[in-house]
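Residues per chain are reported as follows:
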Amino acid sequence: MTSGIYSITNTKNKKRYIGSAVNIRVRWNTHRVELRKGEHHSRHLQAAWNKYGEQVFRFEIITTCEPEQLIEQEQFWIDAFQTADGKFGYNIAPKAGSSLGIKRTA
């Protein structure tokens, strides 16, 4: 079981989704299932998945860390890659571990 920060990268446009998990392998499987069903919480990531296809997305571990460091590390990498900015990424929340700042549609 690997705990840490991961990235789902669109190799066509270089946009990323940054996430954290106590068990990255299990979390990746959940992402894939949701994306394949068209039910991912990030509508921008889902739209890109639908447009470009699964084959252009690369899943990779950015860094490993202890579970108690996940939120701090996730925030660092969201900020570093600017993934809450739609020009650079697919994260819908600008703050790790929080729904504050999420813009929702009607």
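The paragraphs below set out a description of the structure included in this document. Computed from a predicted model, the values in this text were never measured in an experiment. (Residues numbered from 1 in each chain as written. Predicted model: local features only at pLDDT ≥ 70, side-chain atom pairs only at ≥ 80, totals over all residues. Heavy atoms only, no water.)

This next bit is on the pairing of strand 1 (residues 4-10). Of all seven residues in strand 1, seven are buried, a share of seventy percent or more. Linkage of strand 1 to strand 2 (residues 16-21), two consecutive antiparallel strands, is achieved through a turn of five residues, within which Lys14 is found at a positive phi near 70°. In the sheet, strand 1 pairs with strand 3 (residues 57-64) via seven bridges, with the strands oriented antiparallel. Paired with Thr9 across the two strands is Arg58, which belongs to strand 3. (Buried < 20%, exposed > 50% of the residue type's maximum accessible area, 1.4 Å probe, protein only. Helix = DSSP H or I, 4+ residues; strand = E, 2+ residues; numbered from the N terminus. Pairing = 2+ DSSP bridges.)

What follows deals with the packing of helix 1 (residues 24-37) against helix 2 (residues 43-52). The relative placement of two packed helices is expressed as an angle between their axes plus a distance between the axes. Running from N to C, helix 1 and helix 2 cross one another at 65°; their axes reach a closest spacing of 9 Å. Taken together, the axis directions place helix 1 and helix 2 in an arrangement best described as roughly perpendicular. The two elements helix 1 and helix 2 cross, and the hand of that crossing is right-handed. Residues Glu34, Leu35 and Arg36 of helix 1 form the contact with helix 2, whose own contacting residues are Leu45, Gln46 and Trp49. Taken together, the residues of the contact of helix 1 with helix 2 break down into three nonpolar, one polar and two charged. (Axes fitted to C-alpha atoms, helices over the stretch in contact; angles between N-to-C directions. Parallel < 35°, antiparallel > 145°, perpendicular 65-115°, else oblique. Left-handed = near helix turned anticlockwise from the far one by under 90°. Contact = heavy atoms within 4.5 Å. Nonpolar A, V, L, I, M, F, W, Y, C, P; charged D, E, K, R; others polar.)

Further remarks concern helix 3 (residues 70-81). Under the 1.5 Å per step criterion, the end-to-end length of helix 3 is 16 Å for 12 residues, consistent within 8% with the ideal 16 Å. Along helix 3, the residues classified as buried are Leu70, Glu74, Gln75 and Ile78. Along helix 3, the residues classed as buried sweep out an arc of 125° about the axis, all on the same side. On its buried side, helix 3 packs onto strand 1 and strand 2. After helix 3 finishes, the residue Gln82 shows a positive phi value of roughly 55°. (Expected span 1.5 Å × (residues − 1). Arc of directions from axis to C-beta.)

Topologically, Phe59 is positioned in strand 3. Given the relative accessible area of 14%, Phe59 is considered buried.

Counting residues in hydrophobic clusters, the biggest one holds 14 residues, and the most contacted among them are Tyr6, Ile8, Tyr17, Leu45, Phe57, Phe59 and Tyr90. Setting aside residues up to four positions removed in sequence, Ile8 forms contacts with Lys15, Arg16, Tyr17, His31, Leu45, Phe57, Arg58 and Phe59. Ile5, Ile18, Leu70 and Ile78 belong to the second-largest nonpolar core, a separate cluster that totals six residues. (Core = buried A, V, L, I, M, F, W, Y, C linked by side-chain atoms within 4.5 Å.)

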